[in-house]
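Structural overview
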Amino acid sequence: KKAIVAKAFDEGTRQRPFGHCLVAGVDKAPLKVTKRMSKKKITKRQRVKPFVKYVNYNHIMPTRYQVPAEVQPAAMVTDQQM
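Here is a short report on the structure shown in this document. (Residues numbered from 1 in each chain as written. Predicted model: local features only at pLDDT ≥ 70, side-chain atom pairs only at ≥ 80, totals over all residues. Heavy atoms only, no water.)

1. Some thoughts on the sheet that holds strand β1 (residues 2–9)
If you trace the three strands from one edge of the open sheet to the other, you get β1-β2-β3, paired in antiparallel fashion. Looking along the sheet, the strands with just one partner apiece sit at the ends: β1 and β3 (49–56). Taking each pair of neighbouring strands and ignoring which way they run, the sheet shows an average axis angle of 20 degrees. Examined bridge by bridge, strand β2 (residues 20–28) and β3 share eight bridges and lie antiparallel to one another. Within β3, the position partnered with Lys28 by the bridge is Lys49. (Pairing = 2+ DSSP bridges. Helix = DSSP H or I, 4+ residues; strand = E, 2+ residues; numbered from the N terminus. Axes fitted to C-alpha atoms, helices over the stretch in contact; angles between N-to-C directions.)

2. Notes on the environment of Lys28
Residue placement: Lys28 occurs in strand β2. Here Lys28 falls in the partly exposed class, since its relative accessible area comes to 41%. In sequence terms Lys28 and Lys49 are 21 residues apart; their C-alpha atoms lie 5.0 Å from each other. Not counting the four nearest positions on each side in its chain, Lys28 is found in contact with Arg47, Val48 and Lys49. (Buried < 20%, exposed > 50% of the residue type's maximum accessible area, 1.4 Å probe, protein only. Contact = heavy atoms within 4.5 Å.)

As structure tokens, then:
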């Protein structure tokens with residue numbers, strides 16, 4: 001799974017009284033496609049499985065990568081999901 005932090009809650013909330021964040025990412029990336037495959041198989045292999053969920057800070061492994069300034073992570077998640 002690969003994800004980026006959409007919104008951080010350092011102090012926690014009433015429902016989650018610990019530091020956590022809302023993450024959006026890719027659960028399953030698309031697979032390799034070849035010419036021999038049927039159209040049905042190609043469409044199935046090209047699907048991307050996204051996810052949005054809350055994660056405790058203790059369960060996150062930070063990396064050295066950063067999201068470019070042009071990309072707004074909060075724009076990827078609707079207000080209903082927040």
